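Take a look at the letters that make up each chain.
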Amino acid sequence: MDVLGPERRLAAVLAADMVGYSRLMEADETGTLARLKTHRIELIDPAIAKNRGRIIKTTGDGMLVEFQSVADAVLCAVEIQRRMERRNTDVSPARWIQFRIGINLGDVIVEENDIFGDGVNVAARLETLAEPGGICVSGAVRDQVGNRLDDVAFEDLGDQTVKNIARPIRVFRVRLDPNPNTPPERATDAAATTISKKPSIAVLPLANMSGDPEQEFFTDGLTEDIITELSRFHDLLVISRNSTFVHKGKAVKVQEVAREFGVDYVLEGSVRKAGDRIRVTVQLIDAETDRHIWAERYDRKLEDIFAIQDEMTRAIAATLPGRVEAATHDRAKRKPTGNMAAYECVLAAKALHHRSIREDNAEAQRLLDRALALDPGYAHAHAWKACVLGQMWIYDWCTDRDATLLQVSAELETALALDDNDSDVHRILAALNLTRDDHDKAAYHQERALALNPNYDLVVVQQGELLTWLGRPEEGIDWIKKAMRLNPYHPERFWNHLGRACYCAEKYAEAAEAFSRITRPDHTHHAFLAATFAQMGNAVAAAAHAAEVLKRVPKFSVAVYLATQHYKREVDRDRHQTGLLKAGLPA
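Calculation notes
- Residues numbered from 1 in each chain as written.
- Predicted model: local features only at pLDDT ≥ 70, side-chain atom pairs only at ≥ 80, totals over all residues.
- Heavy atoms only, no water.
- Helix = DSSP H or I, 4+ residues; strand = E, 2+ residues; numbered from the N terminus.
- Buried < 20%, exposed > 50% of the residue type's maximum accessible area, 1.4 Å probe, protein only.
- Contact = heavy atoms within 4.5 Å.
- Areas by Shrake-Rupley, 256 points an atom, 1.4 Å probe, with all protein chains shown as cover.
- Phe/Tyr/Trp six-rings, centres within 6.5 Å; stacked < 30°, edge-to-face > 60°.
- Lys NZ or Arg CZ within 6 Å of the ring centre and 35° of its normal.
- Salt bridge = Lys/Arg side-chain N within 4 Å of Asp/Glu carboxyl O.
- Axes fitted to C-alpha atoms, helices over the stretch in contact; angles between N-to-C directions.
- Parallel < 35°, antiparallel > 145°, perpendicular 65-115°, else oblique.
- Left-handed = near helix turned anticlockwise from the far one by under 90°.
- Nonpolar A, V, L, I, M, F, W, Y, C, P; charged D, E, K, R; others polar.

Undergrad: So what's going on with the overall build of the chain? Which residues, and what values?
TA: When helices and strands are tallied, the chain shows 24 helices and 14 strands. Residues counted as buried form 52% of the 587 residues belonging to the chain. A separation of at least 24 residues holds for 64% of the contacts in the chain among residues at least 6 apart in sequence. Of the accessible surface of the chain, which amounts to about 27,600 Å², a share of 51% is contributed by carbon and sulfur atoms.

Quick look at the structure:
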């Protein structure tokens, strides 16, 4: 009887390995693992699935993938490397996560869920020949692909001798030029730079005024942390530490520094230690006018210097972008709309969106359309277009709700493809999934947004809103109040989020106080106030607000209204329903 040999088949094999894994793990083990996991979940695994690949095995820093089609393997590798390059744009080079990828077409031996043999070994050797962020393929792969992939080109590297392979291997490098079918990340010519110009800032090294050389580590560390945290804001171009620290210890003129770095704003300040207290003073200067537009002083008891450093960094990073945005908005208001840059259009659209008025929403859409006409690859504009359309959907200002929701999804998909490190993209994706009552996906994107920018008030307040929907209103209240501290000039709708959280926590007096802060309440605010006063036993106030609801929406129904709410727990939905019915609103 003949004994069957091992199963063999022809396969396209992709071998990938992470560059500098050990170094990154040594520097920041937790952060590296978290970022690698995020890249796997959001980018690598979806790209493999989309191109019909099968993950054979993974190691801490690499993976082996099998494809039935050579073209699919190459397209998958190109997509991963191009998108990883975009992801690294806003990260310091020392923290870049890059992969080398090798692809071979060859015979493999199949054992259960694993593959072995020459086809695999050659792919692994090709990976070692690739540059960081690059792809090398064998001659067999190049021959099979031919000219079928329009946006992929190859460079012949000739025959190469590699370890443990007796014969030389013909190697080709895949040229990762920008995909002509992908909208540009940003135009690079001078005119385009003007179109999408973001406000820019240089953070000068804080001056140590203590006369104590030991305080230098604190002042330098605080400066570096401020630069790092400000860099999380995608609407702000921050000059690197290496550039600004050349001015450490020197007397400088702000306007000269601004000209040197080409920035709009300069942050300067000082640190002074006296006894057991430390004082940090910072001031933001508009370089164009040499005018102080914001200043703050922080006095703390010197107990845990690193805790103070963290606290002050958070406070400055949370407040300063809002002051820059306000100052830039003031500049933009002095320009006719036709001369506004793409960034300024987005900035004006944000301000209009926060008013939650139908006419302002329509004008915000027009401004965002103009921004995208000027710069189609502006991810942040696509994200805010989704946000403004989402507001139109929530308030039912659209003629076709299904079509509007599809448009919101399309804008977010574009934004995510252009820049999946933008906290606003994930913030709005969380909100979109919440409208679909997909609490798990909403929580995932919210967590991602919070990790990308923990000092962004819109992300922080949404954390509180989401926790309320999930049935954790006490925690929600803390997050919403934190957002209010981060941005004392917060949009009025923050009070709505606080009111809902207090209602769900059965803190009815605090809920009523929060809702009363809204200057132009709509029928939903009156409905909440009616329910709140009903729960408090104030029948007169509850009836007055219920009457206001029916005056504005004569066909109001508690059942229809509650269908638009996103409570995960029935007990929270029932509490809301009880209050509305107690107030006398029709079921």
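Undergrad: Hey, could you go over the environment of Leu222 for me, with residue numbers and the actual values?
TA: Position of Leu222 among the secondary structure elements: in helix α7 (residues 216-230). Taking the C-alpha atoms as reference, Leu222 lies 8.8 Å from Pro205; in sequence the two are 17 residues apart.

Undergrad: Break down unusual backbone geometry for me, citing the residues and quoting the values.
TA: In this model, Asp437 sits at a positive phi of 60°, which is unusual for a non-glycine residue. Relative to the helices and strands, Asp437 resides in the loop between α15 (423-435) and α16 (439-452). A relative accessible area of 39% places Asp437 in the partly exposed class.

Undergrad: Outline the packing of aromatic side chains, listing residues and values.
TA: Using the criterion set out here, one finds 6 aromatic pairs in the structure. Where Phe556 meets Tyr561, the ring centres are 5.4 Å apart and the plane angle is 40°; that geometry is what we call tilted. Its relative accessible area of 7% is what places Tyr561 among the buried residues. Through pairs of rings, three or more aromatic residues link up here, namely Tyr503, Tyr508, Phe515 and Phe528. The ring of Trp393 carries Arg401 above its face, with NZ or CZ at 4.2 Å from the centroid.

Undergrad: Please set out the pattern of salt bridges residue by residue, giving values where relevant.
TA: With the rule as written, the count across this model stands at 29 salt bridges. A salt bridge links Asp118 to Arg167; its shortest N-O distance comes to 2.9 Å. Residue Asp118 is located in helix α4 (residues 118-129), and its partner Arg167 is located in the loop between β7 (153-160) and β8 (169-175); the two are separated by 49 residues in the primary sequence. Its relative accessible area of 37% is what places Asp118 among the partly exposed residues. The salt bridge involving Glu506 is made with Arg575; its shortest N-O contact spans 3.1 Å. With Glu506 in the loop between α19 (493-504) and α20 (508-515) and Arg575 in helix α24 (residues 570-582), the pair connects residues that are 69 residues apart, well separated along the chain.

Undergrad: Go over the packing of helix α13 (residues 379-394) against helix α14 (residues 401-418) with me, naming the residues and quoting the values.
TA: Between α13 and α14, whose axes approach to 8 Å, the crossing angle comes to 160°. Judged by the angle between their axes, α13 and α14 are roughly antiparallel. Crossing of α13 over α14 shows left-handed handedness. Taken together, the residues of α14 that come into contact with α13 (itself represented by Ala379, His382, Ala383, Lys385, Ala386, Leu389, Gly390, Met392 and Trp393) are Arg401, Thr404, Leu405, Gln407, Val408, Glu411, Leu412, Thr414, Ala415 and Leu418. When grouped by side-chain class, the residues that make up the contact of α13 with α14 number 11 nonpolar, 5 polar and 3 charged.

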